[in-house]
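Residue-level listing of the chains:
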Amino acid sequence: MDDRVERLVTELAPRLRLLRALAEEQHITHVAERLGVPQPTVSRWLAELSRSLGAPVVVRSGRGVQLTRAGRMLAEAATQSLGALEPGCRRAAEEADPKGGHVAFGFLRTMSPWVPALLREFKLRRPTVRFTLIQSAHPTVLEKLREGAIDLALTAPLPLEEPDLENHPWVEQELVLTVPADHRLVARRRVRLREVSDEPFVTTKPGYGLRQITDKVCAAAGFTPQLAFEGDDVDTVRGMVSASLGVAVLPRADPPARGVVELAITPRPTRTVGLVWVAGRPIPAAGRAFRDFAIAHAHS
């Protein structure tokens, strides 16, 4: 057990360590030296335990002491408790260690082209940091962030009109009109959204970031989209486009998707993807290090 874990266990459960040490040492002076506390403190703790129990915890045995039957029962319980406490203290110490530690990170499904490379580069610098990853839609990522299930999120759209969250832009992502491979406009390199205003759209459900953007860019083009399907993720929406269920405003697929064609839109719509965290909530040291690294490596 390293020094930090030892200190944590000592602060959380000094009586438990006392009982375990007594079972092994059977000598108050040796126990005091092992625990790093004065011998009178050990004697006082034993007296307090005996008063609380209503029976002696130890009895004299030659130059040392011997646990009573009740004391042995307490020592067994203490040993079992420490068996659960010490690993927890070790994990907590790792969490606070910027050179090791743990990062819980959430990101959008559409971030798959960037996130693996970002993690790989960070791990080259801090190979002992562990990650827990959650890949989901914008509302779920924010929910997990507020619950404390994750420390940081890479999500969109930004800016967020939510005072409990802080954010930093990370990449500006172009959005394109995704149409079926046999669509009438596939020969075009660039289109205006008004050209498909009378066609059905497929998009994500209300509250999702892409749905907000789709509604906004269509409104700017002067129409409300006719919705043929509302999905939970971009891959499903893109699949519905390939099935000729409608057209969609989506990020470019990477790698290119089969069965669809992506057309640039005039004026060019984008969405800002950024790192988000809960304002005022402490982030573990490893999480702060990862956030700073990601911000320093933001895409222009």
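Each remark here, short or long, concerns the structure printed above.
The structure presented is a predicted model; accordingly, all values stated were derived computationally and were not measured. (Residues numbered from 1 in each chain as written. Predicted model: local features only at pLDDT ≥ 70, side-chain atom pairs only at ≥ 80, totals over all residues. Heavy atoms only, no water.)

Undergrad: An account of the environment of G207 is needed here, citing residue identities and associated values.
TA: Along the polypeptide, G207 turns up in the loop between β8 (200–204) and α8 (209–220). For G207, the contacting residues outside a window of four places in its chain are H138, P139 and Q212. (Helix = DSSP H or I, 4+ residues; strand = E, 2+ residues; numbered from the N terminus. Contact = heavy atoms within 4.5 Å.)

Undergrad: Please set out empty space enclosed by the protein residue by residue, giving values where relevant.
TA: By the definition in use, this model includes one cavity of 30 Å³ or more. For the largest cavity, the calculated volume is near 150 Å³. Around the largest cavity, the lining comprises 15 residues; the ones closest to its centre are L108, A137, H138, L210 and V234. Here the residues of the lining of the largest cavity sort into six nonpolar, five polar and four charged. (1 Å grid on protein atoms, 1.4 Å probe; cavity = no way out; pocket = protein on both sides within 12 Å on 5 of 7 lines; lining within 4 Å. Points joined across faces, edges and corners; volume = space filled by probe spheres on them. Nonpolar A, V, L, I, M, F, W, Y, C, P; charged D, E, K, R; others polar.)

Undergrad: Quick one: what's the story with helix α2 (residues 14–25), residue by residue and with numbers?
TA: An ideal rise of 1.5 Å per residue puts 16 Å on 12 residues; α2 measures up with 16 Å between its terminal C-alpha atoms. For α2, the complete set of buried residues consists of R17, L18, L19, R20, A21 and L22. Q26 lies just past α2 and shows a positive phi near 55°. (Expected span 1.5 Å × (residues − 1). Buried < 20%, exposed > 50% of the residue type's maximum accessible area, 1.4 Å probe, protein only.)

Undergrad: Can you tell me about the side chain of E174, naming the residues and giving the values?
TA: Relative to the helices and strands, E174 is located in strand β6 (residues 165–180). At 3.4 Å, the side chain of E174 and the side chain of R252 are in polar contact. Those residues in contact with E174 that lie beyond four places of it in its chain are L250, P251, R252, A264, R268, P269 and T270. (Polar contact = N/O pair within 3.5 Å; in protein donor to acceptor, adjacent residues only side chain to side chain.)

Undergrad: If you had to explain the pairing of strand β4 (residues 130–136) to someone new, which residues and values would you point to?
TA: Direction of pairing for strand β3 (residues 102–108) relative to β4: parallel, over a ladder of seven bridges. Opposite F107, over in β4, you have Q135 as the bridge partner. For the handedness criterion, the β-α-β arrangement of β3, helix α6 (residues 115–125) and β4 is classed as right-handed. (Pairing = 2+ DSSP bridges. Right-handed = clockwise from strand over helix to strand, strands pointing away.)

Undergrad: A description of the environment of R109 should follow, citing residues and the corresponding values.
TA: Here R109 lies in the loop between β3 and α6. Owing to a relative accessible area of 35%, R109 belongs among the partly exposed residues under this scheme. For the pair formed by R109 and E24, sequence separation is 85 residues and the distance between their alpha carbons is 54 Å. Non-local contacts of R109, meaning those with residues more than four positions away in its chain, are made with Q135, S136, A137, D232 and D233.

Undergrad: Mind laying out the layout of surface pockets, listing which residues take part and the relevant values?
TA: One number sums up the size of the largest pocket: a volume of about 550 Å³. As for the largest pocket, its lining consists of 25 residues, and the residues nearest its centre are Q212, I213, K216, V217 and T270. Contributing elements (two or more residues each) for the lining of the largest pocket: α7 (138–147), β5 (152–158), α8 and β12 (270–278). Per element, the largest residue contribution to the lining of the largest pocket is six residues, and it comes from α8. The wall of the second largest pocket is formed by 16 residues, among which T110, R238, R252, A253 and D254 lie closest to the centre. Sorting the residues of the lining of the second largest pocket by element identifies β6 and α9 (234–242) as the ones contributing at least two each. For the lining of the second largest pocket, the element with the most residues is α9, which contributes three residues. Residues of the lining of the second largest pocket, tallied by class, amount to six nonpolar, four polar and six charged.

Undergrad: Explain the packing of α2 against helix α4 (residues 39–53) to me, and be specific about the residues and the numbers.
TA: Running from N to C, α2 and α4 cross one another at 100°; their axes reach a closest spacing of 11 Å. The angle between α2 and α4 falls in the class roughly perpendicular. Counted together, P14, R15, L18, L19 and L22 of α2 and V42, W45, L46, E48 and L49 of α4 form the full contact between these two elements. Counted by class, the contact of α2 with α4 contains eight nonpolar, no polar and two charged residues. (Axes fitted to C-alpha atoms, helices over the stretch in contact; angles between N-to-C directions. Parallel < 35°, antiparallel > 145°, perpendicular 65-115°, else oblique.)

Undergrad: An account of the packing of aromatic side chains is needed here, citing residue identities and associated values.
TA: For the coordinates displayed, the defined rule picks out seven aromatic pairs. Judged by centre distance (5.0 Å) and plane angle (75°), the rings of F105 and F290 are edge-to-face. In this pair, F105 is assigned in strand β3 and F290 in helix α10 (residues 285–296), connecting sequence segments 185 residues apart. For F105, a relative accessible area of 0% corresponds to the buried category. Note on F290: relative accessible area 0%, which makes it buried. For the ring pair F201 and F223, a centre distance of 5.9 Å and an interplane angle of 50° mean the geometry is tilted. Of the two residues, F201 is situated in strand β8 and F223 in the loop between α8 and β9 (226–231); the sequence distance between them amounts to 22 residues. Classification of F223 by relative accessible area gives buried; the value is 11%. Taken together, the ring pairs in this structure connect F105, F107, F122, F131, F290 and F293 into an aromatic cluster. The aromatic ring of W277 is capped on one face by R291, whose charged end is 4.7 Å from the ring centroid. (Phe/Tyr/Trp six-rings, centres within 6.5 Å; stacked < 30°, edge-to-face > 60°. Lys NZ or Arg CZ within 6 Å of the ring centre and 35° of its normal.)

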